[in-house]
Amino acid sequence: MKRVIFTGLAGLGLVVTVGVGVWLNYISFDRIYALRQIERVPQITIDGIVPGEVNLTGQVTDNGLFLTAPRSEQSVVYYRYVVEEEEEDSDGDTYWRTVRDETRYADTFWIEDETGRVQVRPTDDVDYQLTRDYRTESGSRRYTEYRIEPGDEVFLFGYASRSGSNYNIGFEADGSYRPILSDWSAFRARAGLAEGSALFLLGGLAALAVAVLLGLWLFRVHDSATYLIGLSTVMIVALIVQGLLMMNQDLSDTAQRAERTLQQTTEVADYLLDEHGMSWNGDWAELGSLDDAPYRTLPDSTKAKLNTLRINLSRSVERSRAHLNHGPESVLAWSAGLDAPAPIPLPDTLAQEAQQHEATFEPTRLVRWRAFLFLLVAGFVGYIASRGGMSTIKVKRLIEHLPTTPIDGLVYGLSEIKGTALPHKSTGLLTAPVSEEPCIYYYHAIKEKDDDDDWHTIHEESRCVPFRCRDDSGSILVDLQRAEFHTDTTTVRSSGSRKHIERRIEPGDSLYVLGPATIDTDTHNRLLITDTETDTEDDFSSIVSNWSEKKLMFHKAFNAFIRLAVGVVATVGIGLAIAGMVTSFGPALYVTTTGFALTYMMIGLGIMYYNDLVFLERRVDRNWSNIDVALAKRFDLITQLVEVVQGYLDHEAEVMDTISEARTLHEEDTPADPSDARLNAEERVRDVVTATIEDTPALHGHNAAAELMNTLDEVETEVALMRDGYNAIVEHYNARCRRLPEVLIARLVGFSPASYYTAEPNSSSAPDVG
């Protein structure tokens with residue numbers, strides 16, 4: 001029943017997160033769309049206004065029809081007044097709670113520039129982008145005002161309407177524009193839209209990443225490569241689809257606005273000429289210079305107005321042509337049948353003036369210091385998340401690929417076993433502090449509730465004792481004090497404002513154990529599983545759990561997947577920040593950013609497989625280094641035995657020459673190799689010495705020889721155990737080096753197959769040295 005409930009909740013969560021992701025991406029789309037609407041409309045002076053979308057900057061004039069700001073009592077045409085109350089949370093931290101948020105604006109006001117003035121009619125639908133003008137505190141309250149005052153320079157993006165020769169700007173008419181009234185510059189307003197678009201996009205991608213996680217959980221998929229490929233594919237598809245949709249919408253609006261602007265400007269020019277009794281067929285190429293017939297008789301003000309209209313129209317058309325004929329947009333425009341408008345012919349002087357106006361236009365880019373700060377934060381978060389994710393993935397893949405070994409077949413080195421927990425005779429059991437049940441491990445935490453019903457941990461501890469793990473083939477001692485423990489056995493008890501939480505592993509629990517099998521230093525002839533310093537250095541933690549192996553893999557996998565999701569979203573954010581600082585921010589940028597998600601996927605897969613090979617290679621080297629230490633110890637024992645029995649040795653010269661050669665190599669600190677010929681030479685000497693002692697009655701009671709032989713037997717047993725573990729890890733390592741895709745990384749980075757150790761360290765038959 002619980003599984004059904006969780007599955008239902010996960011399915012609902014999947015639908016919700018997909019919906020949230022699509023919604024956030026839509027908001028991102030809307031903001032980038034608004035940005036492109038502003039870019040399509042050249043900023044003009046008031047004397048160049050024609051009906052339609054208008055982009056201009058002017059100064060608010062004093063016309064006497066003002067409001068009074070509530071706190072500062074300043075005369076304004078717009079204000080937003082915010083009152084906040086200082087309060088304290090349960091942790092003693094203070095915060096401001098809004099108790100009043102009021103907005104008012106004048107019915108109309110005027111703005112002017114050096115060419116004229118125009119009336120503005122604000123509405124509730126306007127996006128007011130204003131800096132804070134006033135803030136003061138009084139008692140426990142804080143008062144803030146955002147204002148537009150007479151004399152302020154404002155940027156607006158609205159819709160101009162004409163009544164005869166008079167214009168006013170409103171924000172309610174239908175058109176291709178997002179109503180904006182701001183005391184920022186036009187560039188800063190566009191940059192703000194770009195920042196918002198990027199942040200909403202990253203939020204949408206994060207929601208889609210959660211949806212991918214929930215989808216994998218529903219289908220019980222925990223493969224790391226599948227997740228990385230699936231997550232990156234979702235990111236890439238989302239970016240490409242959104243980028244293409246935005247480009248398609250942008251191109252369609254560009255073509256429509258170019259046609260609309262041409263028609264509206266032509267109507268205004270025809271109106272101006274008609275006022276002076278002149279007819280015109282609407283062909284801009286026929287206007288030529290207005291100083292020539294038949295237009296030379298026009299008043300200078302009309303000529304200036306017409307020339308301004310021609311310059312603005314030319315600028316608008318050239319921007320439309322640039323959008324429709326640029327890069328990948330040109331392919332989409334061609335496929336959609338959108339033709340770029342014909343250029344507007346201008347006399348040389350007007351063409352130069354149009355070029356000078358366009359030279360002042362700055363393509364939309366992210367504000368550098370903001371983008372750089374975001375770059376640093378995203379880089380740090382992405383690195384930490386990706387590193388943690390890859391580290392956890394490494395452990396998960398180790399659990400996944402390391403075969404479970406029967407205890408009687410256990411070999412030296414990292415091992416995975418499954419069995420039943422049993423108490424160890426010499427250490428006994430612990431008593432859990434809450435349930436008072438016998439156990440081999442417990443974790444105990446005490447939490448206390450504060451006045452706001454929040455729980456805080458005031459005490460926690462964990463303890464474990466050595467225990468035995470038994471399966472159908474035998475048992476082994478497990479002593480993992482630094483292990484990572486996982487258990488489903490939990491007891492929770494409340495007492496007043498305190499809550500005790502206990503997790504434990506009890507005798508009889510079915511266990512999964514992952515840890516290094518090492519030589520028992522007390523007996524030298526058996527293995528135990530215990531902590532080693534080298535495993536800590538290798539960023540590896542042993543695991544003891546009463547979870548199933550599959551559940552443990554899911555736990556590790558989804559911990560890693562969450563971190564990797566943060567990593568890939570941060571990487572896309574880094575791509576947006578870098579590209580947004582150096583190139584124009586637009587729909588094509590979103591498509592370009594897919595390269596960052598693709599790169600993250602490729603690097604992630606490469607690191608994952610590379611880590612696998614590095615881990616196995618280190619295990620091979622570590623296992624061999626342990627054998628090498630034992631072999632050095634064996635060589636010293638053989639040398640001592642030769643000195644004891646050298647009077648009884650046949651072919652003494654050959655034996656002494658071999659010992660001398662091996663000693664020279666050892667003194668040079670030359671590491672042995674599994675295929676090293678000197679090992680075979682040492683083993684021949686060992687066999688001769690051993691055979692001589694066994695065949696010589698006079699040496700049977702020799703105390704020194706007997707003690708050395710006993711020690712040698714212990715070392716030989718250690719070498720035999722280590723040899724089996726070494727060869728097992730070599731077999732696993734070599735198999736991974738030959739498997740796709742690891743074989744590509746192995747060849748690229750230079751991983752080479754390891755040699756097996758095929759010598760027979762416990763052979764007792766003497767070779768023929770005659």
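Anyway, here's the lowdown on the structure attached to this text. As the structure is a prediction and not an experimental result, all values here were calculated from the model.

Structural notes on the overall build of the protein
Along the backbone of the protein there are 15 helices and 26 strands. Within the protein, buried positions represent 49% of all 770 residues. For the protein, the exposed area adds up to about 36600 Å²; of that, 51% sits on carbon and sulfur atoms.

What to know about the environment of L218
Structurally, L218 is set in helix α2 (residues 186–218). When its relative accessible area of 25% is taken as the criterion, L218 is described as partly exposed. Between the C-alpha atom of L218 and that of L14, which follows or precedes it by 204 residues, the distance is 9.2 Å. Other than its neighbours up to four places away in sequence, L218 contacts T7, A10, G11 and L14.

Re helix α9 (residues 549–582)
Structural remark: α-helix, 3.6 residues per turn; residues separated by three or four positions point the same way. In a regular helix each residue adds 1.5 Å, so 34 residues correspond to 50 Å; α9 covers 49 Å between its end C-alpha atoms and thus fits that length. For α9, the tally of buried residues reaches 24 of 34 residues, placing the bulk of the element in the interior.

Re the side chain of R40
As for its placement among the helices and strands, R40 is situated in helix α1 (residues 2–40). Judged by relative accessible area, which is 1%, R40 ranks as buried. Reaching out from R40, the side chain makes a polar contact with the side chain of S176 at a distance of 3.0 Å. Discounting chain neighbours no more than four positions away, the residues touching R40 are Y33, S176, D250, D253, T254, R257, S316, R319 and H323.

Notes on the sheet that holds strand β22 (residues 489–495)
Pairing between the strands of a sheet comes from backbone hydrogen bonds, and it takes one of two forms, parallel or antiparallel. The 4 strands lie next to each other as β18-β17-β23-β22, forming an open sheet whose pairing is antiparallel. Looking at which strands have only one partner, the edges of the open sheet turn out to be β18 (455–464) and β22. For this sheet the average axis-to-axis angle between neighbouring strands, irrespective of direction, equals 15°. Where strand β17 (residues 441–449) lies against strand β23 (residues 498–505), 8 bridges are found, and the strand directions are antiparallel. Within the sheet, the bridge partner assigned to I446 lies in β23 and is H500.

Digging into a negative patch on the surface
Negative charge collects at one region of the surface, where E86, E88, D89, D93 and E137 lie side by side. Here E137 shows up in strand β9 (residues 134–138).

Conventions we followed
- Residues numbered from 1 in each chain as written.
- Predicted model: local features only at pLDDT ≥ 70, side-chain atom pairs only at ≥ 80, totals over all residues.
- Heavy atoms only, no water.
- Helix = DSSP H or I, 4+ residues; strand = E, 2+ residues; numbered from the N terminus.
- Buried < 20%, exposed > 50% of the residue type's maximum accessible area, 1.4 Å probe, protein only.
- Areas by Shrake-Rupley, 256 points an atom, 1.4 Å probe, with all protein chains shown as cover.
- Contact = heavy atoms within 4.5 Å.
- Expected span 1.5 Å × (residues − 1).
- Polar contact = N/O pair within 3.5 Å; in protein donor to acceptor, adjacent residues only side chain to side chain.
- Pairing = 2+ DSSP bridges.
- Axes fitted to C-alpha atoms, helices over the stretch in contact; angles between N-to-C directions.
- Patch = residues over 30% accessible without salt bridge, like charges linked within 9 Å, V, L, I, M, F, W, Y side chains within 5 Å.
- Salt bridge = Lys/Arg side-chain N within 4 Å of Asp/Glu carboxyl O.
- Lys, Arg positive; Asp, Glu negative; His and termini not counted.
- Charge placed at Lys NZ, Arg CZ, Asp CG, Glu CD.

These values are about where atoms sit, not about what they do.
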